[in-house]
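Residue-level structural notes
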Amino acid sequence: MAGYKPRVITLSKKPKQTFGFYLRVENGEEGHLIRCLEMGGPAELAGMKDGDRILRVNGTFVDERSHSEVVDLVKNSGTSVTFHILDESSYKQAKAQGVNLSSPGSKPVANGVEKHRPKPKLCYLVKSSSSFGFSIRSVEGEHGLFMTEVTPGGTAERAGVRLNDRLVELNGENVENITHDEAVDKIRRAGSHIMFLLVDEETDKFYQKTHAKIGSWLATTKYLPREPRISNITKGSDGYGFTLREEARHFIRDIERGSSAEKAHLKEKDRLVAVDGRDVESCSHEEVVDRIKQSGNKCCLLVVDKDTDQVYKLGKVSPLLYMEEMNDSNSPPSYTEAVNLPIPTRSSTPAPERKEELRPKLCKLEKTSDGFGFHLNSILGVCGHYLQNVVKGGVADKVGMENDDIVVEVNGVNVEQSHHDDVVKIIQDSGNYLEMLVAKRSVYDKLKAQGVPITRQLLGETSYAQVHSAKTPEASKRERLEEEEEARPTTPTEPERQRNSSVSSSSSVESVDERL
């Protein structure tokens with residue numbers, strides 16, 4: 001019988017602070033669940049994931065103990081506690097197989113499969129002029145269709161297609177057994193947008209050796225140009241500040257200005273995919289509302305905008321694939337310790353395990369006779385913008401901008417999902433002064449993988465790029481102080497900070513949770 005190795009995580013906190021998660025038992029779910037992780041809290045930074053199950057607290061096996069007993073064990077630990085944790089998928093598999101989870105000996109497994117299992121890749125291509133920038137070949141006596149003549153820097157290569165990749169699916173349809181001519185015909189009839197599921201030689205050999213079927217449910221989404229968004233939202237005095245509307249599926253509507261929903265970066269007409277990591281696409285309106293209510297004062301929503309939804313629909317894959325991959329890619333080492341870890345919104349020393357400071361850059365530019373000193377680039381037909389041709393010694397260079405930096409905001413407006421022409425217009429209309437929130441590509445990718453919204457709240461005092469302008473020192477100093485005040489998070493009131501054990505407001509108890 002396959003074994004399951006729990007992760008060992010030690011959390012530490014300061015007095016009167018929390019460990020940054022809710023411990024919950026839910027109707028229809030086994031075990032003690034981790035829910036509603038606070039962004040930047042000790043639990044989230046140490047690698048806890050939504051849906052993880054707690055098996056041990058300070059060495060005591062708790063899987064068969066009551067919720068209140070587990071809560072007491074954690075509270076009585078004081079400012080430091082050690083957990084043995086198993087991810088949701090492995091926990092459910094272990095339970096189904098009758099595995100004795102109290103036994104410490106096991107074979108190292110991550111999410112129920114080998115840790116270094118290679119993945120097929122989803123590649124989304126948007127035709128440039130008259131070509132996708134690749135050809136396909138077939139070899140007599142050899143099974144499959146392969147990518148060839150991949151144009152360097154072309155549409156296909158930018159989408160992740162590589163020479164000799166084997167084609168598995170086209171727009172969600174398996175094409176492993178069709179002829180070369182049939183494949184060419186399907187690609188021509190697909191129009192200007194296509195989604196491939198591809199395997200490179202190493203991945204192909206792995207699945208041939210294991211005799212496992214290859215499908216999009218196994219794929220990496222890292223090459224896709226658009227990502228679902230994970231919004232961690234806290235209920236305000238007037239609720240969450242949005243309306244959930246059923247229009248064949250579930251959509252976010254009527255977002256109130258200044259509400260929790262707006263602060264969590266929910267957008268009008270976002271489609272709701274999951275609540276607290278649980279798929280709601282097949283749920284009724286009443287069931288989704290009930291799940292949100294069961295979350296208490298905090299919930300985690302997985303949403304997609306229209307363009308992102310279309311990308312995933314084309315490949316016939318659920319946006320939940322993105323969340324599952326994010327959970328896999330951020331699996332911590334077998335032992336992780338988090339001691340007085342800082343929240344990202346304050347200026348302090350980053351967590352020791354992070355080699356790169358995960359913060360964007362706020363850059364203020366004053367145009368000279370040579371312009372702002374950079375080019376704004378994007379991929380045709382895809383939202384998202386990055387810097388190129390940053391002139392050495394120019395305005396952009398002097399304020400810390402670099403080639404390949406991802407543009408997040410322009411003059412306070414989030415442009416991650418805006419079209420290229422719209423962003424160019426904002427820049428042109430700004431006159432001689434421009435303010436941009438940008439992030440190094442590596443920082444941007446890591447924050448997105450963790451589901452962290454990239455906003456000014458991630459800026460600390462040392463994160464402000466130098467202002468290159470002709471303003472007086474007094475004016476610059478005054479402006480900086482005002483911005484730092486804006487970026488500083490509001491301290492929650494004591495009632496908001498403390499939460500007692502709670503149950504669903506319905507007559508039958510659906511869930512019990514405790515903030516820890």
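Residues numbered from 1 in each chain as written. Predicted model: local features only at pLDDT ≥ 70, side-chain atom pairs only at ≥ 80, totals over all residues. Heavy atoms only, no water.

Across its full length, the chain holds 15 helices and 27 strands. Burial status across the chain gives 48% buried among its 516 residues. For the chain, the proportion of contacts with a sequence separation of at least 24, taken over those separated by at least 6, is 66%. Carbon and sulfur atoms provide 47% of the accessible area of the chain, an area that totals close to 25,600 Å². (Helix = DSSP H or I, 4+ residues; strand = E, 2+ residues; numbered from the N terminus. Buried < 20%, exposed > 50% of the residue type's maximum accessible area, 1.4 Å probe, protein only. Contact = heavy atoms within 4.5 Å. Areas by Shrake-Rupley, 256 points an atom, 1.4 Å probe, with all protein chains shown as cover.)

Mapped onto the elements of the fold, aspartate 276 is located in the loop between strand 16 (271–275) and strand 17 (278–279). One buried charge, aspartate 276, has no salt-bridge partner; the nearest side chain with opposite charge is arginine 24, at 4.0 Å. Side chain to side chain, aspartate 276 and serine 295 meet in a polar contact 2.5 Å long. Contacts of aspartate 276, omitting those with residues within four sequence positions, involve Arg24, Arg35, Cys36, Asp50, Ser295, Cys299 and Cys300. (Lys, Arg positive; Asp, Glu negative; His and termini not counted. Salt bridge = Lys/Arg side-chain N within 4 Å of Asp/Glu carboxyl O. Polar contact = N/O pair within 3.5 Å; in protein donor to acceptor, adjacent residues only side chain to side chain.)

One non-glycine residue with positive phi stands out, namely asparagine 164, at about 75 degrees. Here asparagine 164 lies in the loop between helix 4 (155–158) and strand 10 (166–170). At aspartate 404, a position not held by glycine, the phi torsion is positive, near 75 degrees. Mapped onto the elements of the fold, aspartate 404 is located in the loop between helix 11 (395–398) and strand 23 (406–410).

Summed over the entire model, instances satisfying the criterion amount to 35 salt bridges. The residue lysine 95 makes a salt bridge to aspartate 63 at a minimum N-O spacing of 2.8 Å. Placement of the pair is lysine 95 in helix 3 (residues 88–96) and aspartate 63 in the loop between strand 5 (60–61) and helix 2 (67–75), with a sequence separation of 32 residues. Residues participating in the shared-partner salt-bridge network are Arg245, Glu247, Arg253, Asp254 and Glu268.

Sheet analysis places strand 1 (residues 7–12) next to strand 6 (residues 80–86), joined by six bridges and oriented antiparallel. Pairing of valine 8 across the sheet is with histidine 84, part of strand 6. The sheet contact formed by strand 4 (residues 53–57) and strand 6 spans four bridges and is antiparallel. Looking across to strand 6, one finds that arginine 53 is bridged to leucine 86. (Pairing = 2+ DSSP bridges.)

Moving on: the packing of aromatic side chains. Taken as a whole, this structure holds five aromatic pairs when the rule is applied. Between phenylalanine 206 and tyrosine 207, the ring centres sit 5.2 Å apart and the planes meet at 80 degrees, which makes this aromatic pair edge-to-face. Chaining the aromatic ring pairs together yields one cluster made of Phe132, Phe134 and Phe196. A cation sits over an aromatic face here: lysine 13 above phenylalanine 19, 5.2 Å from the ring centre. The ring centre of tyrosine 223 lies 5.4 Å from the NZ or CZ of lysine 121, which sits over that ring. (Phe/Tyr/Trp six-rings, centres within 6.5 Å; stacked < 30°, edge-to-face > 60°. Lys NZ or Arg CZ within 6 Å of the ring centre and 35° of its normal.)

All right, on to the nonpolar core then. In terms of nonpolar packing, the biggest core is built from 25 residues, with Leu122, Leu224, Ile230 and Leu302 touching the most fellow members. Here this core gets five residues from one element, more than from any other, and that element is helix 10 (residues 320–329). If you look at the next biggest cluster of nonpolar residues, it comprises 20 residues, including Phe132, Leu145, Ala156 and Ala183. (Core = buried A, V, L, I, M, F, W, Y, C linked by side-chain atoms within 4.5 Å.)

It is worth spelling out the environment of aspartate 429 at this point. Inspection of the secondary structure assignment puts aspartate 429 in helix 12 (residues 420–429). Of the polar contacts made by the side chain of aspartate 429, one reaches the side chain of lysine 425; its length is 2.8 Å.

Attention shifts here to helix 2. Structurally, the α-helix is built with 3.6 residues per turn, so residues lying three or four positions apart point the same way. Listing the buried residues of helix 2 in full gives His67, Val70, Val71 and Val74. Across the axial projection of helix 2, the buried residues extend over an arc of 100 degrees, all falling on one side. (Arc of directions from axis to C-beta.)

Right, let's get into the pairing of strand 18 (residues 298–304). The element strand 18 is extensively covered by neighbouring structure, given that seven of its seven residues are classed as buried. Neither face of strand 18 is open: one carries Lys298, Cys300, Leu302 and Val304, the other Cys299, Leu301 and Val303, and all of them are buried. Both strand 13 (residues 229–234) and strand 18 contribute to a ladder of six bridges, which runs antiparallel. Counted as the bridge partner of asparagine 232 is cysteine 300 from strand 18.

The subject of this paragraph is the environment of aspartate 200. Examined against the element boundaries, aspartate 200 turns out to sit in the loop between strand 12 (193–199) and helix 6 (201–210). When its relative accessible area of 31% is taken as the criterion, aspartate 200 is described as partly exposed. Aspartate 200 sits 37 residues away from leucine 163 along the chain, and the two C-alpha atoms are 8.6 Å apart. Of the polar contacts made by the side chain of aspartate 200, one reaches the side chain of threonine 203; its length is 2.8 Å.

Applying the stated criterion to the full structure yields zero disulfides. Here cysteine 299 is not disulfide-linked; the sulfur of cysteine 36 is the nearest cysteine sulfur, at 7.0 Å. On the basis of relative accessible area, cysteine 299 is assigned to the buried category, the value being 2%. (Disulfide = S-S within 2.5 Å.)

Scored by pLDDT, the chain has a mean of 77; 78% of the residues are at 70 or more. Of the regions scoring below 50 in pLDDT, residues 104–115 engages in 18 contacts with residues more than four places distant in sequence or in other chains. Predicted confidence for residues 461–510 stays below pLDDT 50, and this span has 76 contacts to residues more than four positions away or in other chains. (pLDDT = per-residue confidence, 0-100.)

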